[in-house]
Amino acid sequence: MTIVKLHPLFVAKFNAVDISRPIDEPTFRNIEETLDEHAVGVFAGPRIDEEAQITFARRFGTLEQQNGVLTTGIKARISRQLVDISNLDDSNALLAQQDRRRMFSLGNQLWHTDSSFKRTPAKYSLLHAHSVTPEGGETQFADMRAAYDTLSPKMKARIETLVAEHSIFNSRATLGFTEFSDEERRAMPPVHRGLVRVHPGSGRKTLYLASHASHIVGWPVPDGRMLIRELIEHATQPQFLYTHRWSVGDLVIWDNRCTMHRGRPYEEGIYRRDMRRATIQDLDPGVQDRRVA
Ligand code: OGA
Ligand code: MN
């Protein structure tokens, strides 16, 4: 295995490693250490099947099980162990413009980190490309450690102990999408998470932000929204971003604790984009829901 940096701040490409087969312990440790430093890792094809993706993902920890926020009237297209990041229905046809799955998925185009709204958030996501678009449909990543490092000392002091409320219904409400059943709403109550955290693998401080974050606990809602918006604007300046252009067979792994990401638009009515995501839980007790019951 060889490692190439794809960006001055973060993102490593792993060459000459076959992720469809068992990886020996020293190589795997090297991958984990590289991810602690670079936060995003890219593996090129060929395409692997769902089983191989799940097996590879499990090396990194415990898979998120409850996949998909939409449950009412939804039939799964892919394994329930994976998240369907596609514009396809369960018969592999393009989703209609009005389909609630499509409108819900548009939320992936807002800057976010995966599962920050779940009781147990995500450590890593491993997204694998089965079909890609000839234009658009890139995924962008932001280095939240670099974003934190470049805040003014005054801002760092201001946010050090702040806690944000995260809810999936907030990011979707931003889009004007509110078509959730009572059952779906009940399944995902909001959670509270610190805005600043220390990344355990690198010891670096990092911002923990997402479109799911709706306000700062204990602050007037408008003040909290403006602060979150200001910090996201800061963190997504061009120098902190890497844009991944997908090829079939790519698998990109990112550390949700210290990056944000977003999908870029594409012509959903024309192109088929079929991506499948394995998600690893963040079981670190220090990051669990801070909400007082
Ligand atoms: C995801 C995600 C963005 C994209 O898989 O978690 O947000 O580019 N994907 O599809
Ligand atoms: Mn995501």
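Cut-offs applied
Residues numbered from 1 in each chain as written. Chains lettered and ligands numbered in written order. Predicted model: local features only at pLDDT ≥ 70, side-chain atom pairs only at ≥ 80, totals over all residues. Heavy atoms only, no water. Donors = N, O, S within 2.8 Å, 3.2 Å for Na, K, Ca; no water. Helix = DSSP H or I, 4+ residues; strand = E, 2+ residues; numbered from the N terminus. Buried < 20%, exposed > 50% of the residue type's maximum accessible area, 1.4 Å probe, protein only. Near = heavy atom within 4 Å. Polar contact = N/O pair within 3.5 Å; in protein donor to acceptor, adjacent residues only side chain to side chain. Areas by Shrake-Rupley, 256 points an atom, 1.4 Å probe, with all protein chains shown as cover. Nonpolar A, V, L, I, M, F, W, Y, C, P; charged D, E, K, R; others polar. Pairing = 2+ DSSP bridges. Axes fitted to C-alpha atoms, helices over the stretch in contact; angles between N-to-C directions.

Topic: the coordination of the manganese ion (ligand 2)
Inference 1: Looking at the metal site, the manganese ion (ligand 2) is ligated by His112 (NE2), Asp114 (OD) and His261 (NE2), spaced 2.1 to 2.2 Å from it.
Inference 2: Along the chain, the residues donating to the manganese ion (ligand 2) fall in the pattern H-x1-D-x146-H. Linking Asp114 in the loop between helix H3 (100–105) and strand S5 (122–131) with His261 in strand S14 (residues 259–263), this pair joins segments that are 147 residues apart in sequence. No difference in accessibility class separates Asp114 from His261, as the two residues are buried.

With respect to the site of ligand 1
Inference 1: What surrounds ligand 1 is the set Ile85, Asn108, His112, Asp114, Leu127, Glu138, Thr139, Trp254, His261, Gly263, Arg273 and Arg277.
Inference 2: One of the side-chain nitrogen or oxygen atoms of Asp114 is found 3.1 Å away from an oxygen atom of ligand 1.
Inference 3: Contact with the protein chains hides 98% of the accessible area of ligand 1, taken as 290 Å² for the molecule alone.
Inference 4: A per-class count over the shell around ligand 1 returns three nonpolar, five polar and four charged.

Description of the sheet that holds strand S6 (residues 139–143)
Two modes of strand pairing occur in sheets, parallel and antiparallel, and in both the strands are linked by backbone hydrogen bonds.
Inference 1: Sheet architecture is open: three strands sit in the order S12-S6-S14, paired in antiparallel fashion. The outermost strands of the open sheet, each flanked by one partner alone, are strand S12 (241–244) and S14. Each strand axis lies, on average, 20° off the axis of its neighbour in the sheet, ignoring direction.
Inference 2: Taken together, the five bridges between S6 and S14 define a ladder with antiparallel strand orientation. Looking across to S14, one finds that Phe141 is bridged to His261.

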